[in-house]
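Survey of secondary and tertiary structure
Take a look at the letters that make up each chain.
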Amino acid sequence: MRLGLLAVLLAASAAQAQVTIDKPWLRATAPGAKVGGGYLTIRNPGAAPERLVGASSPAAARVELHVNIKEGEMVKMRQVRAFDVPAQGSFELKPGGAHLMFIELRQPFKEGEKVPVTLKFEKAGELRTEFHVGRLGGGSAPAEHKR
Ligand SMILES: [Cu+2]
């Protein structure tokens, strides 16, 4: 009985260990802002490719997956259905590139706060984490996340 439970727990933790996330952070927003950007690096040590297929947070009505696309001189954001994380590789969301777009913020993201976010992966399922809020308009991760 106990061994059976242990096996289940080990199986569950092994499944969770397939994907790890690194340096999750949000850009602080100005008062009244309706949207905010979120960034992180997803690492996949597994032998099979993984995909981030969605995200949600109590801090926003919805969270979309966006990429920046250059059209001539203009940079436009486009929503995508998933971010691919290659086997034994990683995928980086960063300012100027792929990002999570938090839409209809319940309140501004203030520097130093932590915001709960649930990431949904195709294979690993849901992964709950906290994003740290960095500087307003800051182009890089908050100081404690710099290498
Ligand atoms: Cu966006």
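It should be emphasised that the depicted structure is a prediction, and the values quoted were computed from it without experimental measurement. (Residues numbered from 1 in each chain as written. Predicted model: local features only at pLDDT ≥ 70, side-chain atom pairs only at ≥ 80, totals over all residues. Heavy atoms only, no water.)

1. Thoughts on the environment of Gly-32
Filter applied, for reference: Secondary structure elements are defined from DSSP: runs of H or I of at least 4 residues count as helices, runs of E of at least 2 residues count as strands, and each element is numbered from the N terminus. Burial status follows relative accessibility: with a 1.4 Å probe on protein chains alone, a residue under 20% of its type maximum counts as buried, one over 50% as exposed, and anything between as partly exposed.
For Gly-32, the position within the fold is in the loop between strand S1 (20-28) and strand S2 (35-44). Note on Gly-32: relative accessible area 59%, which makes it exposed. Between the alpha carbons of Gly-32 and Gln-107 there is a distance of 7.8 Å; along the sequence they are 75 residues apart.

2. Description of the packing of aromatic side chains
Remark: the centre distance and the inter-plane angle together describe each pair of aromatic rings, the angle taken between the planes. For clarity, the threshold we go by: Ring pairs are drawn from Phe, Tyr and Trp, using the six-membered ring of Trp, whenever the two centres fall within 6.5 Å, and their geometry is named by plane angle: stacked under 30 degrees, edge-to-face over 60, tilted for the rest.
As enumerated under the stated definition, the model contains four aromatic pairs in all. Ring centres of Phe-83 and Phe-91 lie 4.9 Å apart, and the angle between their planes is 25°; on these two criteria the pair is classed as stacked. In this structure Phe-83 comes out as buried when scored by relative accessible area, which is 3%. Taken together, the aromatic side chains of Phe-102, Phe-109 and Phe-131 make up a single cluster linked through ring pairs.

3. Description of the confidence of the model for the protein
When pLDDT is low, close inspection of the predicted coordinates is not appropriate. So the rule is basically this: pLDDT gives the predictor's per-residue confidence on a scale running from 0 to 100. Here a residue-residue contact requires only that any non-hydrogen atoms of the pair lie within 4.5 Å.
Mean pLDDT over the protein stands at 87; residues scoring 70 or higher make up 81%. Predicted confidence is poor over residues 140-147, with pLDDT under 50, and the contacts of this stretch with residues over four places away or in other chains come to 15 contacts.

4. Describing the coordination of the copper ion
So the rule is basically this: Sites may look incomplete because water is not among the atoms; the donors themselves are N, O and S atoms within 2.8 Å of the metal, or within 3.2 Å for Na, K and Ca. Angle rules define the geometry names used: all angles between 85 and 135 degrees makes four donors tetrahedral, while opposite donors over 155 degrees apart and all other angles between 65 and 115 make four donors square planar and six octahedral, leaving every other case irregular.
Looking at the copper ion, the protein donor atoms are His-66 (ND1), Met-77 (SD), His-99 (NE2) and Met-101 (SD), and they sit 2.1 to 2.2 Å from it. The site at the copper ion holds four donor atoms, and with the angles between them running 92 to 120°, its shape is tetrahedral. Here the donor residues of the copper ion share one chain and are spaced in sequence as H-x10-M-x21-H-x1-M. Taken as a pair, His-66 in strand S4 (residues 60-71) and His-99 in strand S8 (residues 99-105) lie far apart in primary sequence, 33 residues in all.

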